[in-house]
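Given next are the chains, with one letter for each unit.
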Amino acid sequence: MFGAACFIPARGGSKRIPGKNTKLLGGKPLIAWSIEAALRSMVFDGGVWVTSEDDKIIGLAKEFGARTIKRPPELSGDTVNAWLPVVHAVKEATTVMGGPFEAVCFQQPTSPFVLPATYQKMYQTRMVHRNAVVCGALEVPHKGFMICRRNDAGVMESAIARTHPDPVYDSPTEPVYHARVCPYFCLYDTALDASMSITKHDDMIGQEVSYIEGFDIDTSEEWDVAEILTMGMEEE
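The present account deals with the structure reproduced in this document. Keep in mind that this is a model prediction, so the values were computed, not measured.

**Side note on the overall build of the protein**
Okay, step 1: Secondary structure summary: the protein contains six helices and eleven strands in total.
Okay, step 2: With 236 residues in all, the protein has 44% of them scored as buried.
Okay, step 3: The long-range fraction of contacts in the protein, counting pairs at least 24 apart against all pairs at least 6 apart in sequence, stands at 72%.
Okay, step 4: Here the protein has roughly 12,300 Å² of accessible surface; of this, 54% comes from carbon and sulfur atoms.

Here you go:
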């Protein structure tokens, strides 16, 4: 049995940012960032795998050192559960490698700034909490009483239950975290559960990540911010 394997699902049909996974960010394709960081972590003796239906993505993934799996069209649509391509990829990789993995890591290419050291820390945490799922945890900087919904009329309404006339008292005094799903470590058997939700799990351990590591690119505005972040990295 192999130790851990990393799976990066990267389809070619992005609509908000066409060709997102092959678009150059800081001088290299977006998909390359996650591949390189995972490989540099030296955690994944079972390999770093990219699953895609897109031949260009497959080619770039190989160029940057990843193993690849061709995703079937029925698992490549907009409405497909994000975990199903991972289930397919894990099964295919198991066949290729001739045996299962002890642990599986799920990583989205749209979170390109995760550091190799973070993969290492998360893997070590998962070794301690063997039956748990380990995900990145990003501290929410906003006070709880300031978190609101905006209704159809544009009126801001509190998104948390009120227990005190002064809303300040409803703000948590301890740090509050957003449970990032990337990276996301779990047991091999958990990864094969097609009904499993990657955001809802009974036993989830959070590994704190920085704001930049937790940054996710979904819109053109977020892409512009990512470009600025890479400029800062080049200066360093």
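**Some thoughts on a nonpolar patch on the surface**
Okay, step 1: Together, Y211, I212 and M233 make up a nonpolar patch on the protein surface, roughly 280 Å² of accessible area in all.
Okay, step 2: Overall, the relative accessible area of 56% leaves Y211 in the exposed class.

**Topic: the environment of R40**
Okay, step 1: Among the structural elements, R40 can be located in helix α1 (residues 30–40).
Okay, step 2: Apart from the residues within four sequence positions on either side, R40 is in contact with P116 and Q120.

**Structural notes on the pairing of strand β4 (residues 48–52)**
Okay, step 1: Burial runs high along β4: five of the five residues are buried.
Okay, step 2: Residue alternation in β4 divides its side chains into two sets, V48, V50 and S52 and W49 and T51, and both sets are buried.
Okay, step 3: Pairing analysis gives four bridges linking strand β1 (residues 2–9) to β4, with the strands arranged parallel. Its bridge partner lying in β4, F7 is registered against W49.
Okay, step 4: In this structure, β4 lies alongside strand β5 (residues 67–70), joined through four bridges in parallel fashion. Each bridged residue has a counterpart across the sheet, and for T51 the counterpart in β5 is I69.
Okay, step 5: What joins β4 to β5 is helix α2 (residues 55–63), and the crossover it makes is right-handed.

**Some details on the packing of aromatic side chains**
Okay, step 1: Applying the stated criterion across every chain yields a total of eleven aromatic pairs.
Okay, step 2: Between the aromatic rings of F7 and F101, the centroid separation amounts to 6.1 Å while the plane-to-plane angle is 75°, which identifies the pairing as edge-to-face. Of the two residues, F7 sits in strand β1 while F101 sits in strand β6 (residues 101–106), which places them 94 residues apart along the sequence. Grouping residues by exposure puts F7 and F101 together as buried.

**So, the pattern of salt bridges**
Okay, step 1: Under the criterion given, the structure shown has six salt bridges.
Okay, step 2: With a closest N to O distance of 2.6 Å, E102 and R126 form a salt bridge. In this pair, E102 sits in strand β6 while R126 sits in helix α4 (residues 116–128), placing the two residues 24 residues apart along the sequence.
Okay, step 3: Note that E102 and R130 form a salt bridge whose closest N and O atoms lie 3.2 Å from each other.

**Re unusual backbone geometry**
Okay, step 1: The phi torsion at M42 lies on the positive side, around 60°, for a residue other than glycine.
Okay, step 2: By the element assignment, M42 lies in the loop between α1 and β4.

**Some points on α2**
Okay, step 1: Of the positions making up α2, those classed as buried are I57, I58, L60 and A61. Buried residues of α2, seen end-on, are gathered within an arc of 170° and therefore sit on one face of the element. Turned more than 90 degrees away from the buried face of α2 sit D55, K56, K62 and E63, all of them exposed.
Okay, step 2: Buried positions along α2 lie against β3 (28–29), α1, β4 and β5.
Okay, step 3: Backbone geometry just after α2 places G65 at a positive phi near 100°.

**Concerning the layout of surface pockets**
Okay, step 1: Within this model, the largest pocket holds a volume of roughly 740 Å³.
Okay, step 2: In this structure, the largest pocket is lined by 28 residues; those nearest its centre are R11, K20, Q108, T110 and D218.
Okay, step 3: Of the residues assigned to the lining of the largest pocket, the class counts are ten nonpolar, nine polar and nine charged.

What counts as what
- Residues numbered from 1 in each chain as written.
- Predicted model: local features only at pLDDT ≥ 70, side-chain atom pairs only at ≥ 80, totals over all residues.
- Heavy atoms only, no water.
- Helix = DSSP H or I, 4+ residues; strand = E, 2+ residues; numbered from the N terminus.
- Buried < 20%, exposed > 50% of the residue type's maximum accessible area, 1.4 Å probe, protein only.
- Contact = heavy atoms within 4.5 Å.
- Areas by Shrake-Rupley, 256 points an atom, 1.4 Å probe, with all protein chains shown as cover.
- Patch = residues over 30% accessible without salt bridge, like charges linked within 9 Å, V, L, I, M, F, W, Y side chains within 5 Å.
- Salt bridge = Lys/Arg side-chain N within 4 Å of Asp/Glu carboxyl O.
- Pairing = 2+ DSSP bridges.
- Right-handed = clockwise from strand over helix to strand, strands pointing away.
- Phe/Tyr/Trp six-rings, centres within 6.5 Å; stacked < 30°, edge-to-face > 60°.
- Arc of directions from axis to C-beta.
- 1 Å grid on protein atoms, 1.4 Å probe; cavity = no way out; pocket = protein on both sides within 12 Å on 5 of 7 lines; lining within 4 Å.
- Points joined across faces, edges and corners; volume = space filled by probe spheres on them.
- Nonpolar A, V, L, I, M, F, W, Y, C, P; charged D, E, K, R; others polar.

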